[in-house]
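An overview of the molecular structure
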Amino acid sequence: MSKILVLHSSRFGQSIKIASAINDELIVRGLETQFGPLNVATAPNPAVHDALVLVASVRYGHFDKLAYDLVSRYGWWLERVPTLLVTVSLTARKEEKRDPAVHSYTRKFLDETGWVPTHTEVVAGALEYPRYNLLDKLAIQMIMTMTKGPTDPETMVEYTDWDRVEETADEFADIVTAARA
Ligand SMILES: Cc1cc2nc3c(=O)[nH]c(=O)nc-3n(C[C@H](O)[C@H](O)[C@H](O)COP(=O)(O)O)c2cc1C
């Protein structure tokens, strides 16, 4: 059976947790997957993989360069198979910011790369001040001040809507199953 390639691009682990939850649900739905990090060696194999999930976090307004490289190198393949992009971001902690059509970092990434995923989802990540270095902590505190979020340096909070993550996996499982029929 063909496999869905499930990739995560993460700095502090939240995107790994989200990708893992999606991976688990795809398996529950009877689909085979290959799960792993997006790295320089990532190379979808069209003989093995017939769909792609990319779960990637936003840092200072951008996705990791490897996400741009993936689309640049394998755009020809991404056009031919069902694909799911899941953006993980803190602006998405507010429900009205979760619309992929208006989520600025997602729009910018898709506009710049030209990728048109079959399905796009924006998911809220985690705020974990004690894990950040001083500069990152100050920058995030400034952003949180501007957007009326927590600024207490002890804050550890996960905003991820896990029910929505599972629904997203189910929606993508339906898309892949329909494409294979
Ligand atoms: C240094 C830093 C910069 C960030 N920049 C942004 C940003 O520009 N926009 C945003 O929505 N979230 C931003 N975030 C929030 C992350 O996307 C969020 O914490 C996410 O859960 C991180 O996922 P990861 O652990 O998989 O990297 C930033 C977080 C950190 C630590």
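Residues numbered from 1 in each chain as written. Predicted model: local features only at pLDDT ≥ 70, side-chain atom pairs only at ≥ 80, totals over all residues.

A few points about the site of the ligand
The environment of the ligand is formed by 20 residues, the closest being Ser10, Phe12, Ser15, Ser89 and Gly125. Within the residue set of the shell around the ligand, elements represented by two or more residues are helix 1 (14-28), strand 4 (83-89) and helix 4 (134-146). When grouped by side-chain class, the residues that make up the shell around the ligand number eight nonpolar, nine polar and three charged. If you count residues domain by domain, the shell around the ligand takes at least three from each of domain 1 (3-125 + 161-180) and domain 2 (127-159). (Near = placed C-beta within 6 Å. Helix = DSSP H or I, 4+ residues; strand = E, 2+ residues; numbered from the N terminus. Nonpolar A, V, L, I, M, F, W, Y, C, P; charged D, E, K, R; others polar. Domains from an automatic or database assignment.)

As for the packing of helix 1 against helix 5 (residues 162-180)
Contact geometry for helix 1 and helix 5: axes closest at 9 Å, N-to-C directions at 45 degrees. One way to sum up the angle between helix 1 and helix 5 is to call them oblique. Once helix 1 is placed against helix 5, the crossing between them reads as right-handed. Only Trp162, Val165, Glu166, Thr168, Ala169, Asp170 and Ala173 of helix 5 make contact with helix 1, whose side of the interface consists of Ile18, Ala21, Ile22, Glu25 and Leu26. (Axes fitted to C-alpha atoms, helices over the stretch in contact; angles between N-to-C directions. Parallel < 35°, antiparallel > 145°, perpendicular 65-115°, else oblique. Left-handed = near helix turned anticlockwise from the far one by under 90°. Contact = placed C-beta atoms within 7 Å.)

Some words on helix 3 (residues 104-113)
In an α-helix, one full turn covers 3.6 residues, which means residues spaced three or four apart are oriented alike. Among all positions of helix 3, only Tyr105, Thr106 and Phe109 are buried. Down the axis of helix 3, the smallest arc covering the buried residues is 100 degrees, so these residues share one side. Those residues of helix 3 that are exposed and angled more than 90 degrees off the buried face are Ser104 and Asp111. Buried positions along helix 3 lie against strand 4 and strand 5 (119-124). Positive backbone phi, approximately 80 degrees, marks Gly114, located one or two places after helix 3. (Buried ≥ 20, exposed ≤ 12 C-beta atoms within 10 Å, placed from the backbone. Arc of directions from axis to C-beta.)

Brief notes about the sheet that holds strand 5
Spatially, the five strands line up as an open sheet ordered 2-1-3-4-5, and their pairing is parallel. The open sheet is flanked by strand 2 (32-37) and strand 5, the only strands paired with a single partner. Averaged over all adjacent pairs, the angle separating strand axes in this sheet is 15 degrees, with direction ignored. Looking at chain direction, strand 1 (residues 3-9) and strand 2 are connected through six bridges and run parallel. Paired with His8 across the strands is Pro37, a residue of strand 2. Against the sheet, helix 2 (residues 65-78) contacts strand 1, strand 3 (49-57) and strand 4, and its axis sits at roughly 160 degrees relative to strand 3. (Pairing = 2+ DSSP bridges.)

Remarks on the nonpolar core
Core analysis: the largest hydrophobic core is formed by 41 residues, its most contacted members being Ile4, Ile18, Ile22, Val53, Leu54, Val55 and Val123. Top element by residues in this core is strand 3. It accounts for six residues. Not counting chain neighbours up to four residues away, the residues in contact with Val53 comprise Ile4, Val6, Leu7, Ala19, Ile22, Leu84 and Phe172. (Core = buried A, V, L, I, M, F, W, Y, C linked by C-beta atoms within 7 Å.)

Thoughts on the pairing of strand 4
For strand 4, a buried count of seven out of seven residues is recorded, marking the element as mostly surrounded by other parts of the structure. Across the two faces of strand 4 the burial is the same, with Thr83, Leu85, Thr87 and Ser89 and Leu84, Val86 and Val88 all buried. Sheet analysis places strand 3 next to strand 4, joined by six bridges and oriented parallel. Bridging across to strand 4, Leu54 finds its partner in Leu85. For the handedness criterion, the β-α-β arrangement of strand 3, helix 2 and strand 4 is classed as right-handed. Sheet topology places strand 4 next to strand 5; six bridges connect them, and they run parallel. Bridge pairing in strand 5 links Leu85 to Thr120. (Right-handed = clockwise from strand over helix to strand, strands pointing away.)

Here we look at the domain arrangement of the chain
A common measure of how large an interface is: the accessible area buried when the components associate. With domains assigned, the chain is organised as domain 1 (3-125 + 161-180) and domain 2 (127-159). If you average the C-alpha positions of domain 1 and of domain 2, the two centres end up 25 Å apart. Contacts between the two partners involve five residues from domain 1, matched on the other side by four residues from domain 2.

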